Amino acid sequence: MEKTVVLLKPDALQRGLVGEIIHRFERKGLKLVALKMTKASEAIIEEHYAHHKDKPFFAGLKKFMMSAPLVCMVLEGKDAIAVVRKMAGVTNGREAEYGTIRGDFSISQSNNIAHVSDSEEAAKEELHRFFEEADLHDWDRTISPYLYGEDEL
Ligand code: CMP
């Protein structure tokens, strides 16, 4: 099954939205395989957002991402990357559809509640950037046969 990374940003933590957002992922049927809080270093944020380093918002983004701990998780499921991207909504909270995480909780392009992996390559890189092998739990979820058809497992 595919794995994807979600980083709940400092606005989610400050606003008490962490439980609500994890609840959404659990109810969808995504399997939580890693969960931790971490205060990201400047080096990690610079690496994570390297593709934005020349953008005018980069300094503000770095400051924001280091202003409180991040709640980092790995979710597993069939097509988990695409499913979680859809649940997150588009980057700008003002444009994100109602029913998505950003559409429901954000009115900002920068303070948009969560970062989610946008491709298989990004998911792999982010998994290694934010987690160690021991953070990942390969637990047996007994309800999986009720969440998926036989051909999907
Ligand atoms: P994220 O999905 O984590 O990827 C890059 C982040 O940069 C994005 O969410 C926003 O937090 C931030 N971002 C993207 N575009 C802008 C912008 N135009 N102004 C400010 N912040 C932005």
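Each remark here, short or long, concerns the structure printed above.
Small disclaimer: the values here were computed from a predicted structure and weren't measured.

Colleague: Teacher, can you tell me more about the overall build of the protein chain here?
Modeller: Within the protein chain, the secondary structure is distributed over eight helices and four strands. Ordered by position from N to C terminus, the α and β elements of the protein chain give β-α-α-β-α-α-β-α-α-β-α-α. For a compact globule of 153 residues, the expected C-alpha radius of gyration is about 15 Å, and the protein chain comes in at 15 Å, within 12% of that figure. Along the first, second and third principal axes, the C-alpha set of the protein chain runs to 50 × 35 × 25 Å. Relative to its 153 residues, the protein chain shows a buried fraction of 46%. Across the protein chain, contacts joining residues at least 24 apart in sequence account for 75% of those joining residues at least 6 apart. Per element, the accessible surface of the protein chain, about 8800 Å² overall, is 51% carbon and sulfur. Charge centroids of the protein chain, computed over 21 positive and 26 negative side chains, lie 6 Å from each other.

Colleague: Where do I start with the sheet that holds strand E4 (residues 114-116) in this structure?
Modeller: Working definition: the strands of a sheet are paired by backbone hydrogen bonds and lie parallel or antiparallel to each other. Spatially, E2-E3-E1-E4 is the arrangement adopted by the four strands of the open sheet, whose pairing is antiparallel. Only two strands of the sheet have a single partner each, and these edge strands are strand E2 (31-38) and E4. Each strand axis lies, on average, 20° off the axis of its neighbour in the sheet, ignoring direction. With seven bridges joining them, E2 and strand E3 (residues 70-77) adopt antiparallel strand pairing. Each residue of the ladder has a partner; that of Leu35, found in E3, is Met73.

Colleague: Help me out: how do you make sense of the site of the ligand in this one?
Modeller: Taken together, the neighbourhood of the ligand is formed by Lys9, Tyr49, His52, Phe57, Leu61, Thr91, Arg102, Gln109, Ser110, Asn112 and His115. Between an oxygen atom of the ligand and a side-chain N or O atom of Tyr49, the distance comes to 2.5 Å. In the environment of the ligand, an oxygen atom lies 2.9 Å from a nitrogen or oxygen atom belonging to the side chain of His115. Here the ligand loses 80% of its free accessible area of 450 Å² to cover by the protein chains. In a pocket analysis with a 2 Å cut-off to the grid points, the ligand is assigned to the largest pocket. Residues that form the shell around the ligand fall into these classes: three nonpolar, six polar and two charged.

Colleague: Honestly, the packing of aromatic side chains in this entry has me stumped. Any pointers?
Modeller: Both the distance between ring centres and the angle between the ring planes are used here to describe each pair of aromatic rings. Going through the model one piece at a time under the given rule, you end up with zero aromatic pairs. Positioned over the ring face of Trp139 is Lys31, at 5.3 Å from the centre of the ring.

Colleague: Would you mind going over the pattern of salt bridges with me for this structure?
Modeller: Working definition: two side chains of opposite charge can pair if their charged atoms are close together. Inspection of the entire model under this criterion finds ten salt bridges. We note a salt bridge from Glu76 to Lys3, for which the minimum N-O separation is 3.0 Å. Of the two residues, Glu76 is situated in strand E3 and Lys3 in strand E1 (residues 2-8); the sequence distance between them amounts to 73 residues. Residues Asp54 and Lys53 are paired through a salt bridge, measuring 3.9 Å at the closest nitrogen-oxygen approach. It is possible to trace a salt-bridge network through shared partners that takes in Lys3, Lys31 and Glu76.

Colleague: Before we go on, may I ask you to explain the layout of surface pockets in this structure?
Modeller: By rolling a water-sized probe across the atoms, one finds the places where empty space is left. Within this model, the largest pocket holds a volume of roughly 640 Å³. Surrounding the largest pocket, 24 residues form its lining, Tyr49, His51, His52, Thr91 and His115 being those nearest its centre. Elements that contribute at least two residues to the lining of the largest pocket include exactly helix H3 (42-48), E4 and helix H7 (120-130). The element that contributes the greatest number of residues to the lining of the largest pocket is H7, accounting for four residues. Per-class residue counts for the lining of the largest pocket are seven nonpolar, nine polar and eight charged.

Colleague: Where do I start with the side chain of Asn112 in this structure?
Modeller: Looking at where Asn112 falls in the secondary structure, it is placed in the loop between helix H6 (101-105) and E4. If sequence neighbours within four positions are ignored, Asn112 has contacts with Lys9, Asp11, Thr91, Arg102 and Ser106.

Calculation notes
Residues numbered from 1 in each chain as written. Predicted model: local features only at pLDDT ≥ 70, side-chain atom pairs only at ≥ 80, totals over all residues. Heavy atoms only, no water. Helix = DSSP H or I, 4+ residues; strand = E, 2+ residues; numbered from the N terminus. Rg over C-alpha atoms; globule rule 2.2 N^0.38 Å. Buried < 20%, exposed > 50% of the residue type's maximum accessible area, 1.4 Å probe, protein only. Contact = heavy atoms within 4.5 Å. Areas by Shrake-Rupley, 256 points an atom, 1.4 Å probe, with all protein chains shown as cover. Lys, Arg positive; Asp, Glu negative; His and termini not counted. Charge placed at Lys NZ, Arg CZ, Asp CG, Glu CD. Pairing = 2+ DSSP bridges. Axes fitted to C-alpha atoms, helices over the stretch in contact; angles between N-to-C directions. Near = heavy atom within 4 Å. Polar contact = N/O pair within 3.5 Å; in protein donor to acceptor, adjacent residues only side chain to side chain. 1 Å grid on protein atoms, 1.4 Å probe; cavity = no way out; pocket = protein on both sides within 12 Å on 5 of 7 lines; lining within 4 Å. Sits in = over half its atoms within 2 Å of the grid points. Nonpolar A, V, L, I, M, F, W, Y, C, P; charged D, E, K, R; others polar. Phe/Tyr/Trp six-rings, centres within 6.5 Å; stacked < 30°, edge-to-face > 60°. Lys NZ or Arg CZ within 6 Å of the ring centre and 35° of its normal. Salt bridge = Lys/Arg side-chain N within 4 Å of Asp/Glu carboxyl O. Points joined across faces, edges and corners; volume = space filled by probe spheres on them.

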